[in-house]
Amino acid sequence: MTSPDQNPLPPNHDAAAAQASWYPRWTEHGVFTASAERATDHQPYVIVMPPPNVTAVLHVGHGLNNTVQDVLIRWRRMAADEALWVPGTDHAGIATQNVVEKQLVVEGLTRFDLGREPFVQRVASFVEQTGGEILNQLKAIGSSADWTRTAYTFSPELSTAVREAFVRLHEDGLIYKGHRVIHWCPRCGTSLSDEEAEFTETAGKLYHLRYVLADDPTQSITVATTRPETMLGDVAVAVNPEDARYADFVGRELILPLNGVRIPVIADAYTDPAFGSGAVKITPAHDANDFEVGKRHALAMPVVIDPEGVVREVEFAAGRVPDELEGVDRFEARTRIVKMLEAVDALVKIEPHQHSVRHCYRCDTVVEPRLSDQWFVRMQPLAERALAVLRSGELRILPDRWEAVYVNWLEGIRDWNISRQIWWGHRIPVWYCDACANTPDYAPIVSRTDITACPNCGGAVRQDEDVLDTWFSSWLWPMSTLGWPNLESADLKAFYPGDVLVTAPEILFFWVSRMVMSGCWFMGKAPFHTVYLHGTVRDMQHRKMSKSLGNGIDPLDVVRLYGADSLRWTMVAGLGLGVDVMLDPNDLDKSFAPGRNFCTKLWNIGRFLLSRVGTENVASVDSIAPDSLTAADAWILDRLDQAIADCDAALGPPRPANGETWTDAERGRGLRLSEYAEAARRFVWNELADWYLESIKPRLMQEGEDREVARSVLAHAFDGALRLLQPIVPFITEELWQQLPTTPPNAFIAQAAWPTRRSARTSLGDAFETARTVVQSIRTVRNENGVQPGAWVDATLVAEGVMAASLAPQLSTIGSLARARVTMASTAPGGAAAHVVVAVGLELVVPLAGMIDLEKEAARVSAELDNLDKQIEALDGRLSNEKFTAKAPPAIVEAERAKLVEWKAKRDQLAAKLRSFGP
Ligand SMILES: [Zn+2]
Ligand SMILES: [Zn+2]
């Protein structure tokens, strides 16, 4: 027998040592490695990791995102699914190119000085040397991804997938080259998609400009614009054809101030007569809406701002830019133009104007609308399928309020600009032959393989200079990482479609909905059945954490200070569905206290428990004869079953019950991680440690069969608790589980079975539940009467028949837990005593004589009672006054009534207490 002092574990948990010890052992034993072969007789469960940018550094948002995924994967791995978590990184076209361009600036160079090939080489070697560090950082927080399948969006395999997708969509008629106004970042020197040009609320100005009529300078039209510099490129002023105010103007010409260019007044239904003056200037080359108007009216499209955001006569703009504005940056040009307009009396007024301005999502530069040739994906046919899978229940989004957002976006979808004028990325697989360009049926060559000669004339070809939007590779991620387009790939066959996609709502459009589209289009199935959108980590002022605000938390700091488990527990326990996580970057101690406290408590429980269980063999709970179990044993086994049921309910269902589509009843359920954490915590802390362990201490101290039964139940209950907790706190649970005598050799809790409920449940445990209520009642009496914590009290349980019989074996347990000398009686003893009705047929009587100064206490209670009586009388009076009840708001009256009921109940209690002090 192990002496209680012989403790196998040190007093303080060494989180760093546990991490350093267990993580490499898990990977060496292939605990995280999934197998396509095993997936034939195990249900697969697949999550693809949102690939961080290859140059990214771990921040707290990644910490939260990956912890959530890890909890789900670890849960399903234990539940005997073939769990696969696919990790990897994204080459992140613009972002990575920007990083290397910044390095070049330090060397006094630009990418153009290097040239395309050397520059791409340079980025590639930069990525090779420093990239992917974030994946190692994810290991530090315990992520159990299958690192043998680590993918990269720019690897040869995934590049093949990108090219296949492009060619296939082109064959399907869904990719085309278009000439139109797109979003342009003058700093990054590339076009952007709608999603990449993010709106920012801006306090801008609205400039009202006066254009006079060419044939009658006394008459004019006023137009309003937020970008007066674009007036140099105006080709018309449009009015609504129904607008009587301008009926006489249509067809006549206006003179553009500053350059004297004549432009027509045209009628177009696009113009809203109620907005501003009802007349709008049309600048087709610098505004997407104006471009459409320009096309309808076959207007010229002069370009007056160049790709770097500098005003000049770029194209079709001869005579439009005055000399003093040529070569001036767009914002400086704005200031100068306003002054010049004012000088020629063409500026009517300037108003403050709050509006949304698009900014580059990579560098925050104000986006310039620009006319150019770009490649587009026709999105509507793709969007239709992505809508259909949501409607059919093949896909669901949690929290479900996001489903409407998803539907809205897909229903109003616009074509996706996928070409970028940068060098780092998948080059567009299109070749041009100048020799054939003028032949009648000429079309650029779209090819799966690189070509060097024109298939038509054999002459030289040149490849399109542009690369594809990074998201054009990310949207294939759930398929390409499994081997697509090779449909014979064992991984693709075994693991597609996957299960859950875990991310923040910010990339619902960028990425999530596009993955659904590509999955539906190329594989005929949505890539996952559940999208789980978790909250964002915010600081105490509810601001998003960011580098620029300096309010971030480095998860690795938290791991060093408190351990990965504390980080994980804090995040998961605080994670309501779709609710933001609030952490204070200035007080890590406080922010991560939930995790630290929990891990400390778990360690202390484990340490004490293991010292009592000892190291000798423990019999399996199932081998114990039912009549050898005490009520406490049966009770804790029941509580474990309940905890398992609660955890399962909070987490599940893992997939649609019919394997295909969610029913309405299932749709909103599951993935409530904080509820799962709380159910597991409650069991180990409030039930196992506070009650069961306390109640069996005497049994564990003596030799004999009863001790063996207690050891066995204790080991079983703790084993169950650790299994429930493993997905959230994998390191500390592994450390403790390895010490349990029931743990088989060479096993890891990381791949042990998820606990299941026992089939046998008897009413035996109910007696302990009643005993627990009695203990709580005695404790309440002690508190209310100010009994010293160390003092013993007398207590009598008044019960008969079955109740008495079931409680009789509990008296010593009740006594030791409540510090009471407990006896049973069939009638209540006389004298001053506290009386509590514990349950039907069970009364608790605690004599007060000798415990407290009865006289003094009676005087105090009686004064309290008098005071309460007066308050009740006053409130009663007020409520019977009709003036009050008729005039006061109903909510107030209701609250007052409730208060009266409460006070009356309290009066009854005090009166009973006074009576208990005796005559
Ligand atoms: Zn930019
Ligand atoms: Zn040719």
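Here, the structure is the one placed above.
Since the model is a prediction, treat every value here as computed from it, not as a measurement.

Asker: Is there a simple way to think about the packing of helix α2 (residues 60–78) against helix α17 (residues 564–573) in this case?
Answerer: Two quantities define a packed helix pair, namely the angle between the axes and the distance from one axis to the other. Contact pair α2 / α17: the axes reach a minimum separation of 10 Å and the direction vectors enclose 85 degrees. In terms of orientation, α2 lies roughly perpendicular with respect to α17. Only R568, M571 and V572 of α17 make contact with α2, whose side of the interface consists of V60, G63, L64, T67, D70, V71 and R74.

Asker: Please clarify how the side chain of S191 should be interpreted in this entry.
Answerer: Mapping S191 onto the fold places it in strand β6 (residues 190–192). Within the structure, the side chain of S191 is placed 3.2 Å from the side chain of Q374, a separation counted as a polar contact. Among the polar contacts made by the side chain of S191, one reaches the side chain of N417 at a distance of 3.1 Å. Apart from the residues within four sequence positions on either side, S191 is in contact with I182, H183, W184, Q374, N417, S419, R420 and Q421.

Asker: Where do I start with the packing of aromatic side chains in this structure?
Answerer: Any two aromatic rings considered together are summarised by their centre-to-centre distance and by the angle between their planes. Evaluated as defined, the whole model comprises 25 aromatic pairs. An angle of 70 degrees between the planes, with centres 5.7 Å apart, marks the rings of F119 and W423 as edge-to-face. Within this pair, whereas F119 is found in helix α5 (residues 116–130), its partner W423 is found in the loop between β20 (419–420) and β21 (430–432), the two being separated by 304 residues in sequence. Owing to a relative accessible area of 12%, W423 belongs among the buried residues under this scheme. Relative to F768, the ring of W635 lies with its centre 4.9 Å away and its plane at 50 degrees, an arrangement referred to as tilted. With a gap of 133 residues between them, W635 in helix α20 (residues 631–651) and F768 in helix α25 (residues 764–784) connect regions that are remote in the sequence. Exposure remark for F768: the relative accessible area of 1% places this residue in the buried category. Over the ring of F249 we find R252; its NZ or CZ atom is 5.9 Å from the centre of that ring. Over the face of the ring belonging to W691 we find R772, whose NZ or CZ atom lies 5.2 Å from the ring centre.

Asker: Before we go on, may I ask you to explain the pairing of strand β32 (residues 842–847) in this structure?
Answerer: Note on strand geometry: in a regular strand, side chains alternate between the two faces of the sheet. In the sheet, strand β29 (residues 793–798) pairs with β32 via three bridges, with the strands oriented antiparallel. Bridging from a neighbouring strand, L797 pairs with L844 of β32. A loop of two residues connects strand β31 (residues 833–839) with β32, the two strands running antiparallel in sequence, and G841 in this loop sits at a positive phi of about 80 degrees.

Asker: What is the right way to read the coordination of the zinc ion (ligand 1) from this model?
Answerer: Tetrahedral coordination by four donors puts the ideal angle at the metal at 109.5 degrees, and octahedral coordination by six puts it at 90 or 180 degrees. Of the protein atoms, only C185 (SG), C188 (SG), C360 (SG) and C363 (SG) coordinate the zinc ion (ligand 1), at distances of 2.2 to 2.3 Å. Note that the zinc ion (ligand 1) binds four donor atoms; their angles at the metal cover 101 to 116 degrees, and the shape is tetrahedral. In the primary sequence, the donor residues of the zinc ion (ligand 1) line up as C-x2-C-x171-C-x2-C. Relative accessible area serves as the criterion here: at 22%, C363 is assigned to the partly exposed category.

Asker: Sorry, what's going on with a negative patch on the surface here?
Answerer: Taken together, E313, D323, E324 and E326 make up a surface patch of like negative charges. For D323, the position within the fold is in the loop between β14 (310–315) and β15 (328–329). The exposure class assigned to D323 is exposed, which follows from its relative accessible area of 71%.

Asker: Explanation requested: the nonpolar core in the structure shown.
Answerer: If you look at soluble globular proteins, the nonpolar side chains tend to sit buried side by side. Grouped together as the largest cluster of nonpolar side chains are 152 residues, with contacts concentrated most on L72, L688, Y692 and F718. Setting aside residues no more than four positions away along its own chain, Y692 makes contact with A632, D633, W635, I636, E687, R699, A710, V713 and L714. V86, L382, L410 and I418 belong to the second largest nonpolar core, which has 66 residues in total.

Asker: Got a minute to help me understand the environment of F509 in this structure?
Answerer: Summarising the element assignment, F509 is placed in helix α15 (residues 508–523). Under the relative-accessibility criterion, F509 is labelled partly exposed at 25%. Counting along the chain gives 100 residues from F509 to W409, while the straight-line C-alpha distance between them is 7.7 Å. F509 has contacts with E195, V405, W409 and R514, leaving out every residue within four places of it along the chain.

The rules behind the values
Residues numbered from 1 in each chain as written. Chains lettered and ligands numbered in written order. Predicted model: local features only at pLDDT ≥ 70, side-chain atom pairs only at ≥ 80, totals over all residues. Heavy atoms only, no water. Axes fitted to C-alpha atoms, helices over the stretch in contact; angles between N-to-C directions. Helix = DSSP H or I, 4+ residues; strand = E, 2+ residues; numbered from the N terminus. Parallel < 35°, antiparallel > 145°, perpendicular 65-115°, else oblique. Contact = heavy atoms within 4.5 Å. Polar contact = N/O pair within 3.5 Å; in protein donor to acceptor, adjacent residues only side chain to side chain. Phe/Tyr/Trp six-rings, centres within 6.5 Å; stacked < 30°, edge-to-face > 60°. Buried < 20%, exposed > 50% of the residue type's maximum accessible area, 1.4 Å probe, protein only. Lys NZ or Arg CZ within 6 Å of the ring centre and 35° of its normal. Pairing = 2+ DSSP bridges. Donors = N, O, S within 2.8 Å, 3.2 Å for Na, K, Ca; no water. Tetrahedral: all angles 85-135°; square planar, octahedral: opposite > 155°, others 65-115°. Patch = residues over 30% accessible without salt bridge, like charges linked within 9 Å, V, L, I, M, F, W, Y side chains within 5 Å. Areas by Shrake-Rupley, 256 points an atom, 1.4 Å probe, with all protein chains shown as cover. Salt bridge = Lys/Arg side-chain N within 4 Å of Asp/Glu carboxyl O. Lys, Arg positive; Asp, Glu negative; His and termini not counted. Charge placed at Lys NZ, Arg CZ, Asp CG, Glu CD. Core = buried A, V, L, I, M, F, W, Y, C linked by side-chain atoms within 4.5 Å.

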